[in-house]
Amino acid sequence: MEEKEWNKLASKYHEEIVSPFYGSVKNPLIKELRKIKGKKKRSVAEFGCGLFYLMEELKDFKKVHASDFAENMVKKAKKKNKYKHISIKREDMRKILYKDAFDIIISVNALLMPSLPDIKQSITNLHKALKEKGTLFLILPSMEAVLYHGLLILDNELKVKQKGAVKKAKQRFENSKYDLFLGLYKEGEEHQKFYYKHEIQYFLKKAGFTDISFEKVLYPWDKNASDYEPFPGEEQIWDWFVKATK
Ligand SMILES: C[S@@+](CC[C@H](N)C(=O)[O-])C[C@H]1O[C@@H](n2cnc3c(N)ncnc32)[C@H](O)[C@@H]1O
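Note that the structure is a prediction, hence the values are computed from the model and not measured. (Residues numbered from 1 in each chain as written. Predicted model: local features only at pLDDT ≥ 70, side-chain atom pairs only at ≥ 80, totals over all residues.)

## Some remarks on the packing of helix α7 (residues 143-160) against helix α8 (residues 165-173)
Helix-helix packing is characterised by the crossing angle of the two axes and by the distance between the axes. In the contact formed by α7 and α8, the axes pass within 9 Å of each other and the chain directions differ by 140°. Taken together, the axis directions place α7 and α8 in an arrangement best described as oblique. Read as a crossing pair, α7 and α8 show a hand that is right-handed. From α7, Gly150, Ile153, Leu154, Glu157 and Leu158 reach across to α8, where they touch Ala165, Val166, Lys168, Ala169, Arg172 and Phe173. (Axes fitted to C-alpha atoms, helices over the stretch in contact; angles between N-to-C directions. Helix = DSSP H or I, 4+ residues; strand = E, 2+ residues; numbered from the N terminus. Parallel < 35°, antiparallel > 145°, perpendicular 65-115°, else oblique. Left-handed = near helix turned anticlockwise from the far one by under 90°. Contact = placed C-beta atoms within 7 Å.)

Structure (structure tokens):
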């Protein structure tokens, strides 16, 4: 989605967006941020901050920078901000030019652009913006989780009737809206990137990151927390939580 679409979403964010900061989502980012020592000496940046739900978690850092390319998101985040050492501005991750500027960089479900060159450019920009030995935290939508959900749907159809189960499951899965090669979900003009783990590893390594590790952000089977058709009792759906070092 481009800036225009994100601008529209700023006013109905909670209804439209699945977020790792709502309800009983198990989000490893929070635990990682709380573990960081010496916050008073460190700087942190969140790129693609949206309404800046991380504000309170980040307020103890020496310097906090948050940005988003959608004007309406920035306006709302600025209105909410009550701290002098937190600066919020409008900028596009694909075009930022920071060099060795932050100890910690965060981007939560914001590297969603469908273009591979845009993704690579943004990750390179985040790498340049980090200080040497700095830490990157990302949350990215998981393509594996989408496929896992497809499997749950197929198994469910097979239990009803074997004949035609694959066809029905593909319809329920909205198979025609996915490009599984590129990891894209397409609805009309809107295209959104989902990531395979191997892609994340590849992109981060190419940009120069090391010590790349993965955990899952786990979403409960609950319509308030996720868009997925629920399968209570089955393992939960997830986003990728990624930690890496410069
Ligand atoms: C799903 S929201 C997540 C917002 C926030 N990180 C959170 O988790 O609550 C994605 C955000 O990324 C922003 N975004 C998308 N592409 C961007 C880009 N190229 N540069 C900066 N922000 C971008 C959107 O405007 C939107 O606010």
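Following the structure, the description resumes.
## Remarks on the environment of Lys186
Here Lys186 shows up in strand β7 (residues 184-187). Taking the C-beta count within 10 Å as the criterion, Lys186 has 15 such neighbours and is therefore assigned partly exposed. If we skip the residues at most four places from it in the chain, Lys186 touches Lys177, Asp179 and His191. (Buried ≥ 20, exposed ≤ 12 C-beta atoms within 10 Å, placed from the backbone.)

## With respect to the sheet that holds strand β8 (residues 190-193)
Sheet architecture is open: 3 strands sit in the order β6-β7-β8, paired in antiparallel fashion. Each edge of the open sheet carries a strand with a single partner, namely β6 (178-179) and β8. (Pairing = 2+ DSSP bridges.)

## Description of the sheet that holds strand β4 (residues 102-108)
Within the open sheet, the 7 strands sit side by side as β3-β2-β1-β4-β5-β10-β9. Their pairing is mixed. Every other strand in the sheet has two partners, leaving β3 (86-90) and β9 (210-219) as the edge strands with one partner each. Each strand of the sheet is rotated relative to its neighbour by a mean of 15°, with strand direction disregarded. Bridge analysis of strand β2 (residues 63-68) against β3 gives 5 bridges, and the strand direction is parallel. Within β3, the position partnered with Ser67 by the bridge is Lys89.

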